[in-house]
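# Coordinate analysis (summary)
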Amino acid sequence: MASFLGTQINPKRFHRSQLKFYLILVPIGLFMLLPVLYVVLQAFKPLSELFLFPPRFFVTNPTLENFARLFRTASGTGVPMTRYLFNSIIITVTTIGLTLIITLATGYALSKKRFKAKNTLFKINQTALMFVATAVAIPRYLVVSSLGLTNTFFAHIIPYLAMPVGLFLVKQFIDQVPDELIEAAKIDGANDWHIITKIVGPLVKPALATVAILSFQMIWNSTESSNIYVIDETKKTFAFYMTTLTSSTSGPAGVGISAAAGLVMFLPNLLIFIIMQGNVMDTMSHSGIK
Amino acid sequence: MAFEGLKKMKLLHPETKQKVMEHIRRLESDKVSTTLLLAPYVILFSLFIVIPVIVAMLLSFTYFNVIETPRLADLYGLYNYIMIITQDEVFLRYVLPNTLKYAIITGPGGYLLSFIMAWMLSQIQATPRKFLALALYTPSMLGGVFVSVIFRTLFSGDKSGYINSLFLNWGLISTPLDFLQSGDYLMNIMIFVTLWSSMGIGFLSMLAGILNVNKETYEAAYIDGIKNRLQEIFYITIPSMKPQMLFGAVMAIVGAFNAGGIGVALSGSNPTPQYAGQLIVNHIDDYGFIRYEMGYAAALSVILLLIILFFSRVAYALFGERD
């Protein structure tokens, strides 16, 4: 029967015909991970193995030496590495928290409220999906400096709070919440604050988780604000510190330290994504642009 | 105002009148609430997205060196644009061709790759799919800094570099290649790295889109005479998930242009060796933050935004729903 051949999207059990996909996907998956794995292994190699020729992929005598040295290192101006890490954690947590609040509030208003500019606002936001911040780095710098934000912690946070992709995803998700539910709550005397915190917020958790991940990836990995907006070395971020590590320290010793730093940067990314993978896929079902 | 009229309606029963007034009060407070909900986003969005774009457009017609106040550029303000098109040899010989090559390969290429991978993933069971999707997604979440650490290590220019040592070992080369500093390979490595990390949020969106296509649509199509999987993709899968295809396309375009700093990150210098990896984004930084010719840099930004806009228009024309 020909008709059964085609309907194998999301199959429940294994069938021989799936084998060819595994034969392609598994090698590609491994290929994608190999470079990452290589650098992760570098982080555990002692100096003698980093110097080795020909270089070896696997580590024979794993050591935490590189991590110990990373945590002892300080920048040229004497700022310890832990300070950068601390800055990054504070900045990332604050930014994610504020982004979630702002995005949820705006998404709710865009989805469930009636006002004149509603459609225009949504269209503008949709156009801004293709906004590439680096293209207008200079005017953004002018805005940041005329607001007096340069060289403050806020320069790492405030320019990144409005996130068109985040608003788009949350709004699409809130569209799935039935209007009747909100009407019923209103009749029971709930105001917008109650509706957002008690009804809409909990129902759109997957979208919020996705926004949190995207915001995390953007902020945690970003060097832009440290490069352009902030002069004070003590206020810069860990990602920035890593770029100075990789460009100033060359040779095997530098390779070991930057590999260790890379791993410290990468692990939170990976963990957060793994924990929330299901939520992300839920959100993505409603991500289409119509 | 209509409300004034309502107040004058003495004929109304007091109780009805009270109800009407109550309703109006609720509407008014709802307006205030809506404004409060929207205000933070709208303000931040205007400040950091809308205003920068407008400022870039305005500055592009001026001469501005950060110290003096901007003044209208020569030739009715078009000086910067005319210079870019006629005099900027680096732009015309390297930056523009590089940007177009890079964007055309990594944008549509990364997009196609994402779609093919997402489609193949949809053909296997849920549990292995979860792990394989994670493996494909991982490179995109690393961020520019870690990506450059990885590839600077792998493509290191001496014989202890991993790729060099593999090639030496296989007898492909006799002396180590200077991958990142010589300019001969930089562009290809940039394209490779960007494609490698191109399966991001757009990929996840398309995967979800494919998984959500109604199974009955497929069955109906087979009864109507569709014969193989290729026909299935073009006649059923893609048309049923156009919104996700469009989202994926926009994300691919943005990703390609956002990753523009990769050449400088890999080679460690701006300009890149022999301008081999010089893209518009680097050219803007070069003029803006190194030479402080802000008006000129702004004109370059406007050109970049127009290129991005053009690519997205193509995507909308392909997958957008026509009204």
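### Considering the overall build of chain A
Summing up its helical and strand segments, chain A has 15 helices and zero strands in all. Each principal axis of the C-alpha distribution contributes one length, and for chain A these read about 70 × 70 × 35 Å. For chain A, buried positions account for 43% of its 290 residues. Partitioning the contacts of chain A with sequence separation of at least 6, the portion at a separation of at least 24 is 74%.

### Comments concerning the overall build of chain B
From N to C terminus, chain B includes 15 helices and two strands. On C-alpha atoms alone, chain B measures out to a radius of gyration of 27 Å, which is more than a quarter above the 20 Å that the 2.2 N^0.38 rule sets for 323 residues. Projected onto the principal axes, the alpha-carbon positions of chain B cover approximately 100 × 70 × 35 Å. Per-residue burial for chain B yields a buried fraction of 45% across its 323 residues.

### A word on the domain arrangement of chain B
All names here are of chain B. Considered domain by domain, chain B is made up of domain 1 (2-59) and domain 2 (90-319). Each of domain 1 and domain 2 has a C-alpha centre, and these two points are 44 Å apart. Taken together, the contact pairs four residues of domain 1 with six residues of domain 2. In terms of residue class, the side of domain 1 that touches domain 2 is built from four nonpolar, no polar and no charged.

### Remarks on the nonpolar core
Core analysis: the biggest nonpolar cluster contains 169 residues, and Val170 of chain A together with Ile253 and Leu300 of chain B have the highest contact counts within it. Ranked by residue count, the leading element in this core is helix α15 (residues 294-319) of chain B, at 13 residues. Two domains each put at least three residues into this core: domain 1 (2-59) and domain 2 (90-319) of chain B. Apart from the residues lying within four places of it in its own chain, the contact partners of leucine 300 of chain B are Ile84, Ile280, His283, Ile284 and Tyr287 of chain B.

### Structural notes on the packing of helix α5 (residues 81-112) of chain A against helix α9 (residues 164-174) of chain A
Residues and elements named next belong to chain A. As a packed pair, α5 and α9 sit with axes 8 Å apart at the nearest point and diverge in direction by 50°. If you check the angle between α5 and α9, you find them oblique. The hand of the α5/α9 crossing is right-handed. Facing Thr99, Thr103, Leu104, Thr106, Gly107, Tyr108, Leu110, Ser111 and Lys112 of α5, the residues of α9 in contact are Gly166, Leu167, Val170, Lys171 and Ile174. Grouping the amino acids of the contact of α5 with α9 by side-chain chemistry returns six nonpolar, six polar and two charged.

### Describing helix α14 (residues 280-290) of chain B
All names here are of chain B. Most of α14 is tucked away, with eight of its 11 residues classed as buried. Those residues of α14 not exposed but buried are Ile280, Val281, Asn282, His283, Ile284, Asp285, Tyr287 and Gly288. Positive phi shows up at tyrosine 292, right after α14, with a value of about 55°.

### Examining the environment of asparagine 212 of chain B
Position of asparagine 212 of chain B among the secondary structure elements: in the loop between α9 (201-211) and α10 (215-223). Distance in space between the C-alpha atoms of asparagine 212 of chain B and serine 122 of chain B is 9.9 Å, their sequence separation being 90 residues.

### Some remarks on the packing of helix α4 (residues 89-122) of chain B against helix α8 (residues 186-196) of chain B
All names here are of chain B. Two elements in contact, α4 and α8, have axes separated by 9 Å at closest approach and are oriented at 30°. Considering the angle they form, α4 stands roughly parallel to α8. Crossing angle aside, the handedness with which α4 passes α8 is right-handed. Contacts between α4 and α8 pair Asn98, Tyr102, Ile105, Thr106, Gly109, Gly110 and Leu113 from the former with Met187, Met190, Ile191, Thr194 and Leu195 from the latter. Its residues assigned to classes, the contact of α4 with α8 shows seven nonpolar, five polar and no charged.

About the cut-offs
- Residues numbered from 1 in each chain as written.
- Chains lettered and ligands numbered in written order.
- Predicted model: local features only at pLDDT ≥ 70, side-chain atom pairs only at ≥ 80, totals over all residues.
- Helix = DSSP H or I, 4+ residues; strand = E, 2+ residues; numbered from the N terminus.
- Buried ≥ 20, exposed ≤ 12 C-beta atoms within 10 Å, placed from the backbone.
- Contact = placed C-beta atoms within 7 Å.
- Rg over C-alpha atoms; globule rule 2.2 N^0.38 Å.
- Domains from an automatic or database assignment.
- Nonpolar A, V, L, I, M, F, W, Y, C, P; charged D, E, K, R; others polar.
- Core = buried A, V, L, I, M, F, W, Y, C linked by C-beta atoms within 7 Å.
- Axes fitted to C-alpha atoms, helices over the stretch in contact; angles between N-to-C directions.
- Parallel < 35°, antiparallel > 145°, perpendicular 65-115°, else oblique.
- Left-handed = near helix turned anticlockwise from the far one by under 90°.

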